[in-house]
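The chain contents come next:
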Amino acid sequence: MASETHAMGSATKPLTSPRELPVLPVRDTVLFPHAVLPLTVGRESSVQLINSLGEDKTIVVVAQRDARVDSPQPVDLFSIGTLATVHKVVKMPNQSLFVFTEGIQRVKLADYSQLTPFMRASAEPVAEPGEKTSPEIEALHRNVRGMFQQIVAGSPTLSDELQTVAENIEDSSRLVDFIASSLPSLATKDKQELLETPDVKARLEKVNKHLAKELEVQQLRNKIQSEVQDQVQQSQREYYLREQMKAIQKELGEQDETQRDVEELRKKIDAAGMPEEVKKEATKELTRLARMSPMAADYSVTRNYVEWLAVLPWAKSSGGEIDIVKAKQILDEDHYDLQKVKDRILDYLSVRRLKPNMKGPILCFVGPPGVGKTSLGKSIARSLGRKFARLSLGGVHDEAEIRGHRRTYIGALPGQIIQGIRRAETNDPVFMLDEVDKLGRDFRGDPAAALLETLDPEQNATFRDNYLDVPFDLSKVLFITTANMLDPIPDPLRDRMEIIELQGYTEEDKLHIAKRYLVPRQVEENGLNAGQIEFPEESLSFLGRHYTREAGVRNLERNIGTICRKQARRIAEGKPDKLVVTPDVIREFLGGIKVRIDTEIAERTKRTGVAVGLAWTPAGGDVLFIEANKMKGKGGFTMTGQIGQVMQESMQAALTWVRSNASSLGINEEFFKDHDIHIHVPAGAIPKDGPSAGVTMATTLVSLLTERPVRPYTAMTGEITLSGNVLPVGGIKEKVLAAKRAGVHDVILPAENQMNLEEDITPEQLEGVKVHYVNLIEEALALALPQTPRDEKRDAAERERHIAEAPAQVV
């Protein structure tokens with residue numbers, strides 16, 4: 001690229017008086033006296049100024065206040081500039097000029113005589129006041145020169161020749177100007193300030209401050225650079241050593257730990273039997289792992305991911321021949337009764353035997369606490385010859401617990417489903433999801449929604465965990481969920497499960513379970529043997545009847561365990577004789593009887609206006625007393641006992657039916673005008689609701705108003721209508737079993753519930769209980785209330801006999 005060069009004339013002499021000279025505005029730079037400054041001149045006015053110079057090459061170089069102004073006016077320029085000589089002009093191909101200027105002295109610009117095509121102004125010299133030499137100036141001079149030499153020595157960009165030049169400058173004014181023009185870090189504003197300061201001492205002090213700051217910055221920069229360099233050198237050293245070690249190990253035929261890990265993982269991946277898509281992903285991540293340094297941040301994350309993929313049982317199943325007879329034997333060994341559940345499992349095994357690749361069913365065991373739902377899952381796994389995995393969902397409120405976290409999170413892991421499969425080490429375990437009705441939900445998601453895919457046989461063949469992000473086949477897993485009640489379970493989730501209800505046990509069932517399972521287990525757990533303690537049947541019946549009121553057997557086992565511990569203590573105290581547990585021993589060890597089921601109903605139904613209803617609870621069935629009383633008043637009707645809206649409406653319906661049939665029932669129709677009626681349902685602290693106590697309420701009111709006590713040991717359930725019909729209700733098995741546990745002899749049920757009872761309860765379970773089916777409330781009243789004075793006397797005698805025969809209660 002060609003350029004044209006013009007050499008200019010001799011140097012300009014300093015001014016002694018004002019003189020009119022051309023003015024060259026410059027941006028972002030300041031020319032100091034005795035300094036040479038190359039300038040690029042591109043503005044049209046500035047180019048014309050340089051071209052107009054004749055023999056006299058003297059100009060004034062002055063800095064702009066704002067570098068962004070393209071056509072500066074006098075107000076845009078500083079008032080102090082530098083008288084300069086143009087030594088050399090180089091024409092550039094883009095029509096701009098490259099000009100070498102040398103500063104002569106400080107000048108002050110006064111009147112501007114010309115603005116176009118370039119500016120001309122009157123320039124007058126600026127005198128330097130104050131002392132030229134003094135000890136203080138000398139000290140500042142040396143200090144400034146020393147710091148400048150230090151800065152030059154430590155800077156990679158400044159030439160070392162600057163030190164020599166500075167050393168040879170004796171004049172303090174020239175030294176300050178030289179240093180100011182040589183420091184690249186000094187801002188234009190600071191340079192202009194130094195130019196405008198004629199006093200040498202003031203200039204020395206300002207430059208001294210700037211140099212001190214620059215020296216501190218330079219030292220910090222050097223320190224940082226040194227630290228970075230040390231780190232780089234250390235990492236380079238480690239890298240070279242590691243590479244040398246690899247080369248040595250290669251020569252010796254050895255592998256480093258990282259390579260060994262990669263090879264082990266590769267073998268695991270090959271042996272895992274993964275689907276092609278999963279194997280491709282695992283191999284890709286393993287290749288990435290092999291190229292990574294063990295010191296890399298992602299190394300452990302990638303290694304954990306590949307290891308998870310490698311250890312999952314993609315193709316490993318329990319397998320084995322299915323033996324239906326043996327499975328039935330195992331189920332019968334572990335659990336008493338529960339025939340419906342056992343039949344369903346045996347049906348599944350039979351189909352599995354005919355079609356080995358069938359999908360696993362999703363079962364849901366619903367029942368009160370303590371009936372053996374969780375232990376039944378273990379028994380099913382044993383009967384199938386499969387591994388058992390269990391996950392408690394109680395209180396789980398994070399969707400990631402089911403599906404896992406994405407790998408981008410620190411400490412991410414797969415969800416509990418995949419973790420359970422890994423622990424089971426097979427792809428077809430029996431997987432129990434306990435307490436599915438107690439799932440929570442919050443801002444982190446809804447775990448019940450995450451379970452929809454897991455528990456759908458049509459979808460779970462390609463279950464995709466967030467962490468793995470590859471499909472895993474869960475269709476061979478036998479999922480079993482447990483719940484105490486179905487209401488909290490969302491409908492879409494309930495629809496995916498086959499509901500199997502486990503009702504509570506009768507007294508006879510509990511006796512069998514205690515003999516076969518509970519007693520042997522507690523004897524063993526408390527360090528005893530069969531020769532040291534004995535539980536006769538009548539003692540177990542007494543224990544179950546008077547110390548527990550529950551649908552399951554947890555409290556019964558707890559009490560048996562307490563008695564075993566008492567015997568263990570007796571043996572430890574030196575009384576090794578065998579203990580035969582009698583009712584007296586039970587009273588001694590456990591205190592007085594806790595449940596008066598033999599006499600409670602008889603005592604409370606002695607007076608009129610008290611009837612026994614039957615209720616369903618999540619813990620099984622229970623008996624429910626309903627009491628009514630009358631008093632003088634104005635026809636008011638009060639309902640108490642923490643009862644819900646539906647139950648209050650049932651009471652209103654019962655009262656309406658009684659009032660509308662008062663004459664046929666033998667009640668004075670005027671009675672209701674002058675009396676208030678109060679119905680109460682103990683216990684008052686427990687919330688109650690539902691329509692199934694309608695029959696009981698009507699019976700209570702009729703008993704009160706006709707002054708006939710309800711027959712002893714009679715309980716009832718059923719919804720009533722205003723026309724006197726008795727409608728069917730739910731929870732029949734639990735209610736009837738609760739009635740039997742409470743010592744009830746006669747149970748009145750809606751006729752439409754007869755089929756439910758015959759399906760769910762065996763004749764053996766109903767032994768000692770007579771069931772009466774009714775369609776109308778009149779039929780229920782005929783069964784529940786004595787019809788003649790002779791019947792009343794007979795009922796009263798029966799009550800007294802039961803109360804007299806019952807064991808005393810000790811509180």
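An unreviewed UniProt entry annotates the protein chain as Lon protease of Candidatus Korobacter versatilis. You can read under Subcellular location (unreviewed entry) in the UniProt record for the protein chain the words "Cytoplasm".

S.K.: It is not clear to me how the side chain of Gln-522 should be interpreted in this structure. Could you clarify?
M.R.: Along the chain, Gln-522 turns up in helix H17 (residues 507-525). Note on Gln-522: relative accessible area 9%, which makes it buried.

S.K.: Sorry if this is basic, but what is going on with the packing of aromatic side chains here?
M.R.: Two numbers describe a pair of aromatic rings. These are the distance of the centres and the angle of the planes. For the structure shown, the criterion picks out seven aromatic pairs. Each ring, one from Phe-431 and one from Phe-479, has its centre 5.6 Å from the other, and the planes form 35°; the classification is tilted. With Phe-431 in strand E10 (residues 430-434) and Phe-479 in strand E13 (residues 478-483), this pair connects stretches of sequence that are 48 residues apart. As far as burial versus exposure is concerned, Phe-431 and Phe-479 are alike and both buried. The ring of Tyr-305 has Arg-407 sitting right over it, with the charged end atom 3.7 Å from the ring centre. Here the basic side chain of Arg-422 rests over the ring of Trp-308, its NZ or CZ set 4.4 Å away from the ring centre.

S.K.: Which parts of the structure should I look at to understand H17?
M.R.: Since the α-helix advances by 3.6 residues per turn, residues separated by three or four positions end up pointing in the same direction. Its axis deflected by about 50° at Ala-514, H17 carries its strongest bend there. Among all positions in H17, only Glu-507, Asp-509, Lys-510, Leu-511, Ile-513, Ala-514, Tyr-517, Leu-518, Val-519, Gln-522 and Val-523 are buried. Turning to H17, the residues buried within the fold contact helix H10 (324-334), strand E15 (533-534), helix H18 (537-547), helix H19 (554-572) and helix H26 (732-741). Two residues or fewer past H17, Gly-527 is found with a positive phi of approximately 75°.

S.K.: Please clarify how the sheet that holds strand E14 (residues 498-501) should be interpreted in this entry.
M.R.: Here five strands make up an open sheet; going across it, the order is E9-E10-E13-E8-E14 and the pairing parallel. On the outer flanks of this sheet lie strand E9 (388-392) and E14, each paired with one strand and no other. Ignoring strand direction, the axes of neighbouring strands in this sheet form an average angle of 20°. Direction of pairing for E9 relative to E10: parallel, over a ladder of five bridges. Its bridge partner being in E10, Leu-391 is matched across the sheet by Leu-433. Each of strand E8 (362-366), E9, E10 and E13 is contacted by helix H12 (residues 373-384), which is oriented at about 175° to E10, the strand it contacts most.

S.K.: Is there a simple way to think about the pairing of E10 in this case?
M.R.: Sheet faces and side chains relate simply in a regular strand, where the side chains alternate between the two faces. Burial of E10 is extensive: five of the five residues sit out of reach of the surface. Along E10, one buried face is formed by Val-430, Met-432 and Asp-434 and the opposite face, lined by Phe-431 and Leu-433, is buried too. Judged from the four bridges that link them, E10 and E13 form a sheet pairing that is parallel. Paired with Met-432 across the two strands is Ile-480, which belongs to E13.

S.K.: Just checking my understanding: could you explain empty space enclosed by the protein for this structure?
M.R.: In the structure shown here, the tally under the stated rule is two cavities of 30 Å³ or more. The volume enclosed by the largest cavity comes to roughly 170 Å³. What lines the largest cavity is a set of 18 residues, among which Lys-510, Gly-544, Thr-548, Arg-549 and Arg-741 lie closest to the centre. Sorting the residues of the lining of the largest cavity by element identifies H17, H18, strand E18 (620-632) and H26 as the ones contributing at least two each.

S.K.: What is the right way to read unusual backbone geometry from this model?
M.R.: Peptide bonds are trans in most cases, and residues, glycine excluded, mostly fall at negative phi. A cis amide bond, omega -5°, links Thr-116 with the succeeding residue Pro-117. When you line up the elements, Pro-117 lands in the loop between strand E6 (97-114) and strand E7 (119-125). Positive phi values are uncommon outside glycine, yet Glu-425 reaches one of about 65°. Summarising the element assignment, Glu-425 is placed in the loop between helix H14 (416-424) and E10. A residue is classified by how much of its surface remains accessible, and Glu-425, at 42% relative accessible area, is partly exposed.

S.K.: How do you make sense of the nonpolar core when you look at a structure like this?
M.R.: In globular proteins that are soluble, nonpolar side chains generally tend to be buried together. Leu-309, Trp-314, Phe-431, Leu-433 and Leu-451 are the most contacted members of the largest nonpolar core, which totals 52 residues. With six residues, the single largest contributor to this core is helix H9 (residues 299-311). Each residue touching Trp-314, except ones within four places of it in the same chain, is listed here: Ala-272, Gly-273, Met-274, Pro-275, Val-278, Leu-309, Asn-427, Val-470, Pro-471 and Phe-472. Counting 50 residues, the second largest nonpolar core, distinct from the first, contains Val-371, Ala-514, Phe-535 and Ile-586.

S.K.: Sorry, what's going on with the packing of helix H3 (residues 161-168) against helix H4 (residues 172-182) here?
M.R.: Running from N to C, H3 and H4 point in directions that differ by 160°, and their axes come no closer than 10 Å. It follows from the interaxial angle that H3 and H4 lie roughly antiparallel. Judged by the twist between their axes, the crossing of H3 over H4 is left-handed. Contacts between H3 and H4 involve Leu-162, Val-165 and Ala-166 from the first element and Leu-175, Phe-178 and Ser-182 from the second. Tallied by class, residues from the contact of H3 with H4 come to five nonpolar, one polar and no charged.

S.K.: Got a minute to help me understand the pattern of salt bridges in this structure?
M.R.: Should the charged atoms of two oppositely charged side chains come close, the side chains can pair. Counted according to the given criterion, the structure contains 39 salt bridges. The salt bridge involving Glu-193 is made with Lys-206; its shortest N-O contact spans 3.2 Å. One end of the pair, Glu-193, is in helix H5 (residues 188-195); the other, Lys-206, is in helix H6 (residues 200-252), and 13 residues separate them in sequence. By relative accessible area, Glu-193 is classed as partly exposed at 37%. The class of Lys-206 is partly exposed, set by a relative accessible area of 27%. Via salt bridges that share partners, Glu-285, Arg-288, Asp-298 and Arg-407 belong to a single interconnected network.

S.K.: Teacher, can you tell me more about helix H20 (residues 583-590) here?
M.R.: Within the sequence span of H20, burial applies to Val-585, Ile-586, Phe-589 and Leu-590. End-on view of H20: buried residues confined to an arc of 105°, all on one side of the axis. Looking at H20, the residues exposed on the side facing more than 90 degrees away from the buried face are Asp-584 and Glu-588.

S.K.: Can you help me understand the environment of Ile-417 in this one?
M.R.: Examined against the element boundaries, Ile-417 turns out to sit in helix H14. The exposure class assigned to Ile-417 is buried, which follows from its relative accessible area of 0%. Distance from Ile-417 to Glu-401, taken between C-alpha atoms, is 8.4 Å for residues 16 residues apart in sequence. Ignoring sequence-local partners within four residues, the contact set of Ile-417 consists of Leu-391, Ile-402, Phe-431, Leu-433, Thr-454, Phe-463 and Leu-474.

Calculation criteria
- Residues numbered from 1 in each chain as written.
- Predicted model: local features only at pLDDT ≥ 70, side-chain atom pairs only at ≥ 80, totals over all residues.
- Heavy atoms only, no water.
- UniProt positions renumbered as here; feature names shortened; annotations may be inferred.
- Helix = DSSP H or I, 4+ residues; strand = E, 2+ residues; numbered from the N terminus.
- Buried < 20%, exposed > 50% of the residue type's maximum accessible area, 1.4 Å probe, protein only.
- Phe/Tyr/Trp six-rings, centres within 6.5 Å; stacked < 30°, edge-to-face > 60°.
- Lys NZ or Arg CZ within 6 Å of the ring centre and 35° of its normal.
- Bend = angle between axes of the 7 residues up to and from the residue.
- Contact = heavy atoms within 4.5 Å.
- Pairing = 2+ DSSP bridges.
- Axes fitted to C-alpha atoms, helices over the stretch in contact; angles between N-to-C directions.
- 1 Å grid on protein atoms, 1.4 Å probe; cavity = no way out; pocket = protein on both sides within 12 Å on 5 of 7 lines; lining within 4 Å.
- Points joined across faces, edges and corners; volume = space filled by probe spheres on them.
- Core = buried A, V, L, I, M, F, W, Y, C linked by side-chain atoms within 4.5 Å.
- Parallel < 35°, antiparallel > 145°, perpendicular 65-115°, else oblique.
- Left-handed = near helix turned anticlockwise from the far one by under 90°.
- Nonpolar A, V, L, I, M, F, W, Y, C, P; charged D, E, K, R; others polar.
- Salt bridge = Lys/Arg side-chain N within 4 Å of Asp/Glu carboxyl O.
- Arc of directions from axis to C-beta.

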